[in-house]
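Descriptive structure summary
The lines below spell out each chain.
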Amino acid sequence: MNKGELADAIAAQANLSKSSAQGVVNAFVGAVTSALQSGDKVTLTGFGTFSVSQRAARKARNPRTGEEIQVAAATVPKFKAGAGLKASVN
């Protein structure tokens, strides 16, 4: 399911117009993004938690040449599924 299909599903379930549902999806993505940029967690009880994690610098190997390269440290987003989501998928 892509962003457009998600908006269509929300429009059908919430009895909204497709443009309103698209606005809801965009607002949700924007709110989560800005919260993560400021270092906050976003927790949706029963669904999951969006958070930010620090990945340390490390050494890696180029599989084609075997050459060792340095991979820079990075800040990466994470998602941990909640118990309700896990239970509904199984």
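Use the structure listed above.
Residues take numbers from 1 onward in each chain, read along the sequence in its written order. The predicted origin of the model limits local features to residues at a pLDDT of at least 70 and limits the giving and counting of side-chain atom pairs to 80 or more, whereas totals for whole chains, interfaces and linings rest on all residues. Side-chain calculation: all heavy atoms of the structure are included, whereas hydrogens and water are not.

Here we look at the pattern of salt bridges
Where side chains of opposite charge bring their charged atoms close, a pairing between them can arise. The rule for a salt bridge is simple: a side-chain nitrogen of Lys or Arg has to be within 4 Å of a carboxyl oxygen of Asp or Glu. Tallied over the entire structure, the rule returns one salt bridge. In this structure, Arg61 and Glu68 form a salt bridge, with 3.9 Å as the shortest nitrogen-oxygen distance. Each residue is assigned to one of three classes by its accessible area relative to the maximum for its type, calculated with a 1.4 Å probe on protein chains only: buried under 20%, partly exposed between the two thresholds, exposed over 50%. For Arg61, a relative accessible area of 57% corresponds to the exposed category. For Glu68, a relative accessible area of 44% corresponds to the partly exposed category.

Thoughts on the environment of Ala72
Within the secondary structure, Ala72 sits in the loop between strand E4 (68-71) and strand E5 (74-81). The sequence separation of Ala72 and Arg55 amounts to 17 residues, and the corresponding C-alpha distance is 8.7 Å. Segments assigned H or I by DSSP are reported as helices when at least four residues long, segments assigned E as strands when at least two residues long, and all are numbered from the N terminus.

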